[in-house]
Amino acid sequence: MIKRASIALVGIFFTSAPALGFDPDCSDPGNLPQQGMNYCAAKEFERADAALNAAWKLLRPTATKASDGSDPMLQAQRAWIRYRDGQCDAEGLHFEGGSLEPFIVAQCRTRMTQARTQELLLMERYR
């Protein structure tokens, strides 16, 4: 019984770590409990998402609209976000309800977001 209570307290601590002003050391997340690893994976996704948004802001002003006034680039980006989120949610289903699920989803979103950022930067390079 004490072991379960200790595990629950550790889980609550790492889940609320940012609110408490504590950031686990993400330089070696393999030495953290699962909640710490989840936290570090979420932070890595935040960085990848910020880089994606920076690339989008760089590319967006030069985007060409179609002759009918539509915005294919914006439509593609919105579709890609839906695809990324669906794909990563599907990958997380293998661990549904477990403590590993948010880690898997965050890693997937990071991986796919980094790839999309490179796609956008490549588009900018050839404009």
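The rules behind the values
Residues numbered from 1 in each chain as written. Predicted model: local features only at pLDDT ≥ 70, side-chain atom pairs only at ≥ 80, totals over all residues. Heavy atoms only, no water. Axes fitted to C-alpha atoms, helices over the stretch in contact; angles between N-to-C directions. Helix = DSSP H or I, 4+ residues; strand = E, 2+ residues; numbered from the N terminus. Parallel < 35°, antiparallel > 145°, perpendicular 65-115°, else oblique. Left-handed = near helix turned anticlockwise from the far one by under 90°. Nonpolar A, V, L, I, M, F, W, Y, C, P; charged D, E, K, R; others polar. Disulfide = S-S within 2.5 Å. Buried < 20%, exposed > 50% of the residue type's maximum accessible area, 1.4 Å probe, protein only.

Draft legend 1. Structural view of the packing of helix α2 (residues 34-59) against helix α4 (residues 101-125). Where α2 contacts α4, the two axes come as close as 8 Å, and the packing angle between them is 20°. Judged by the angle between their axes, α2 and α4 are roughly parallel. The two elements α2 and α4 cross, and the hand of that crossing is left-handed. Considered class by class, the residues forming the contact of α2 with α4 number 17 nonpolar, 6 polar and 5 charged.

Draft legend 2. The arrangement of the state of the cysteines in detail. For the structure shown, the criterion picks out 2 disulfides. Bridging C26 to C40, the disulfide has an S-S length of 2.0 Å. Here the S-S torsion is close to -85°, and the disulfide linking C26 with C40 is therefore left-handed. Taken together, the positions of C26 in the loop between α1 (2-15) and α2 and C40 in helix α2 put the pair 14 residues apart, joining distant regions of the chain. Note on C40: relative accessible area 6%, which makes it buried. The disulfide bridge from C88 ends at C108, spanning 2.1 Å between sulfur atoms. Given an S-S torsion of about -75°, the disulfide between C88 and C108 has left-handed geometry. One end of the pair, C88, is in helix α3 (residues 72-92); the other, C108, is in helix α4, with 20 residues separating them in the sequence. With respect to burial, C88 and C108 carry one shared label: buried. By sequence order of its bonded cysteines, the protein chain has the disulfide arrangement 1-2, 3-4.

These figures come from the coordinates and say nothing about function on their own.
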